[in-house]
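Spelled out from the first residue to the last, the chains are:
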Amino acid sequence: AQQTDEQSAAALAPVPQGKLSDAARPKAYRIDLTVDPAQERFSGHVDIDAVLAQASATLDLHGRDLAMRQITARGADGKIVGATWTQPDPTGVGRLTFDQPLPAGPVTLRFDYDAAFGTGPAGLFRIKVGDDWYAWTQFESIDARAAFPAFDEPGFKVPFTVTLRTPKGLTAVSNAPETG
């Protein structure tokens, strides 16, 4: 799809330094991760329900070193629009550029991606102990950005539903109650 002048200009807008703008507010996350510590990469499918403050051709959020395979947005009008992802800042500020501007109001952002496990205690990382691989998470500060796309702002506390898929025989432990 060919970008309009408005989309091209928005894609070149300055990258937020620090706090994101109030262009969108998340309402809920559905995170589905496939984690096999014996592999070098994990994969994810994330849906984010949000509200756009105004019509927009781009949207900034967080994600660090995520290899996006497919991104779509379903806007208030019900239309599904494709998007491309760039990471213009190494700290994990990502920018979505939509194939066409989205209208103001509710939107569901859908991401399919994969990423390398971290090698140290940050994000989603893995360590080999003896002959076995283990995976852990460390999401303090800005480290969750290396595991999934999000609006990683202290003021955006919203519900998360997490599905974790692991190979048979592995144990997954969380700090939240298991629901299924």
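Here the structure is shown first, and the text comes after it.
Residues numbered from 1 in each chain as written. Predicted model: local features only at pLDDT ≥ 70, side-chain atom pairs only at ≥ 80, totals over all residues. Heavy atoms only, no water.

Novice: Would you mind going over the pattern of salt bridges in detail, with residue names and values included?
Specialist: Within the structure shown, the criterion is met by 9 salt bridges. With a shortest N-O distance of 2.7 Å, R110 and D47 are connected by a salt bridge. One end of the pair, R110, is in strand β7 (residues 105-116); the other, D47, is in strand β2 (residues 41-52), with 63 residues separating them in the sequence. We classify R110 as partly exposed; its relative accessible area is 39%. Note on D47: relative accessible area 6%, which makes it buried. Its salt-bridge partner being R64, residue D143 comes within 3.8 Å of it at the nearest N-O pair. Of this pair, D143 sits in the loop between β9 (132-138) and β10 (160-165) while R64 sits in the loop between β3 (56-62) and β4 (67-74), and the two are 79 residues apart along the sequence. When its relative accessible area of 16% is taken as the criterion, D143 is described as buried. (Salt bridge = Lys/Arg side-chain N within 4 Å of Asp/Glu carboxyl O. Helix = DSSP H or I, 4+ residues; strand = E, 2+ residues; numbered from the N terminus. Buried < 20%, exposed > 50% of the residue type's maximum accessible area, 1.4 Å probe, protein only.)

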